[in-house]
Amino acid sequence: MLRPPTTRRTRWLAAAVIACVAALLVPLLGSAATAAPPRIPSAATAQSELNQLRVAPEGSMAGYSRSEFPHWRSSGGCTARQTVLQRDGSNVQVGSNCQPTSGSWYSQYDNTTTSTVSQATIDHVVPLAEAWRSGANSWSQQRRADFANDLYWPQLIVASSSSNSSKGDQDPADWMPRTEYRCTYTRMWIRVKHAYDLTADSAEKSALQSALTTYC
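Residues numbered from 1 in each chain as written. Predicted model: local features only at pLDDT ≥ 70, side-chain atom pairs only at ≥ 80, totals over all residues. Heavy atoms only, no water.

Visitor: Can you lay out the sheet that holds strand E5 (residues 112–114) for me, pointing to particular residues and giving the numbers?
Guide: Spatial strand order, E3-E4-E5: three strands in an open sheet with antiparallel pairing. Strands with a single pairing partner mark the edges of an open sheet, and in this sheet they are strand E3 (89–94) and E5. Across the sheet, the mean angle separating the axes of adjacent strands is 10° when strand polarity is ignored. Set on the sheet, helix H3 (residues 80–88) makes contact with E3 and strand E4 (100–107); between it and E3 the angle comes to about 130°. (Pairing = 2+ DSSP bridges. Helix = DSSP H or I, 4+ residues; strand = E, 2+ residues; numbered from the N terminus. Axes fitted to C-alpha atoms, helices over the stretch in contact; angles between N-to-C directions. Contact = heavy atoms within 4.5 Å.)

Visitor: Could you give an account of the packing of helix H2 (residues 43–52) against helix H8 (residues 202–215), naming the residues involved and the relevant values?
Guide: Packing of H2 against H8 leaves a shortest axis separation of 11 Å and a crossing angle of 160°. With respect to H8, the element H2 is oriented roughly antiparallel. When you trace H2 past H8, the crossing you get is left-handed. Along its contact with H2, which presents Ala-43, Ala-46, Gln-47, Leu-50 and Asn-51, the element H8 presents Lys-205, Leu-208, Gln-209 and Leu-212. Class assignment of the residues belonging to the contact of H2 with H8 gives a composition of five nonpolar, three polar and one charged. (Parallel < 35°, antiparallel > 145°, perpendicular 65-115°, else oblique. Left-handed = near helix turned anticlockwise from the far one by under 90°. Nonpolar A, V, L, I, M, F, W, Y, C, P; charged D, E, K, R; others polar.)

Visitor: Tell me about the pattern of salt bridges, and please be specific about residues and values.
Guide: Per the stated rule, a full pass over the model turns up twelve salt bridges. For Asp-123, the salt bridge goes to Lys-167, with nearest N and O atoms at 2.7 Å. With a gap of 44 residues between them, Asp-123 in strand E6 (residues 120–124) and Lys-167 in helix H6 (residues 161–167) connect regions that are remote in the sequence. By the burial criterion, Asp-123 is buried, and Lys-167 matches it. The network of salt bridges with common partners includes Glu-58, Glu-130, Arg-133, Asp-169, Lys-193 and Glu-204. (Salt bridge = Lys/Arg side-chain N within 4 Å of Asp/Glu carboxyl O. Buried < 20%, exposed > 50% of the residue type's maximum accessible area, 1.4 Å probe, protein only.)

Visitor: Tell me about the packing of aromatic side chains, residues and numbers included.
Guide: This structure, assessed with the given rule, holds 13 aromatic pairs. When the centroid spacing of 6.3 Å and the interplanar angle of 55° are considered together, the rings of Phe-69 and Phe-147 count as tilted. Here the residue Phe-69 occupies a position in the loop between H2 and strand E1 (74–75), and Phe-147 occupies one in helix H5 (residues 141–148), the gap between them amounting to 78 residues. Over the aromatic face of Trp-139 sits the side chain of Arg-143, whose NZ or CZ is 4.8 Å from the ring centroid. Above the plane of the ring of Phe-69 lies Arg-144, whose end atom (NZ or CZ) is 5.9 Å from the centre. (Phe/Tyr/Trp six-rings, centres within 6.5 Å; stacked < 30°, edge-to-face > 60°. Lys NZ or Arg CZ within 6 Å of the ring centre and 35° of its normal.)

Visitor: Pulling in residues and values, what's your account of unusual backbone geometry?
Guide: The omega torsion of the bond from His-71 to Trp-72 falls at 0°, within 30 degrees of zero and hence cis. Looking at the element boundaries, Trp-72 is found in the loop between H2 and E1. One non-glycine residue with positive phi stands out, namely Asn-91, at about 55°. Its place among the elements puts Asn-91 in strand E3. For Asn-111, which is not glycine, the phi dihedral falls at a positive 60°.

Visitor: So, the side chain of Arg-133: which residues are in play, and what are the values?
Guide: In this structure, Arg-133 sits in helix H4 (residues 128–133). Within polar-contact distance, the side chain of Arg-133 engages the side chain of Glu-58 at 3.1 Å. Polar side-chain contacts of Arg-133 include one of 3.0 Å to the backbone oxygen of Asp-169. Arg-133 has contacts with Glu-58, Gly-59, Ser-60, Met-61 and Asp-169, leaving out every residue within four places of it along the chain. (Polar contact = N/O pair within 3.5 Å; in protein donor to acceptor, adjacent residues only side chain to side chain.)

Visitor: Go over the confidence of the model for the protein chain, please, and point to the residues and values.
Guide: Scored by pLDDT, the protein chain has a mean of 86; 84% of the residues are at 70 or more. Considering only residues more than four positions removed or in separate chains, one finds that residues 1–33, a stretch of pLDDT under 50, has ten contacts. (pLDDT = per-residue confidence, 0-100.)

In structure tokens:
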């Protein structure tokens, strides 16, 4: 008479079957969109960095132009914009020039998804004009280009065209994303301002502190 398999063997076989099925499904389902820039600080670290931000009135817009922040530059064959679209998208297909041709992109700002590449805009978490008013007006153009194409700090993120447009160049005292994303957004904003030694005006710093306390 054949002996029934042991409980341990039965569990091993079940685990193996599950693993095989999962391996087969991954290519079919594709990877999920992350929409998460790198190096977002913890709430505690963000609080420490917020405490260190220098408070100063916003500077003049005199001399400002988006051309003062050259973007999108290429690295490894892809522009910073193309890199973020691939990083934050789901099931992204690209052409020979690295430009995404299809996929879907989730906007954390307003909880919307688009499958139209042109509607998946790339937002500078700290807007270029805001950076200009906060100290970037005195930077070299090379440093401004580094800021505008920054893939190291949490400065670039996919956003819907409507949320990107409504945000404009406003700081957190005047614009914030949906409630569920405000903690993350606040931590990203603080990290970028701290990393680039940009100033914050008093209303902005107060809004950041309030968001950390309320949403984190």
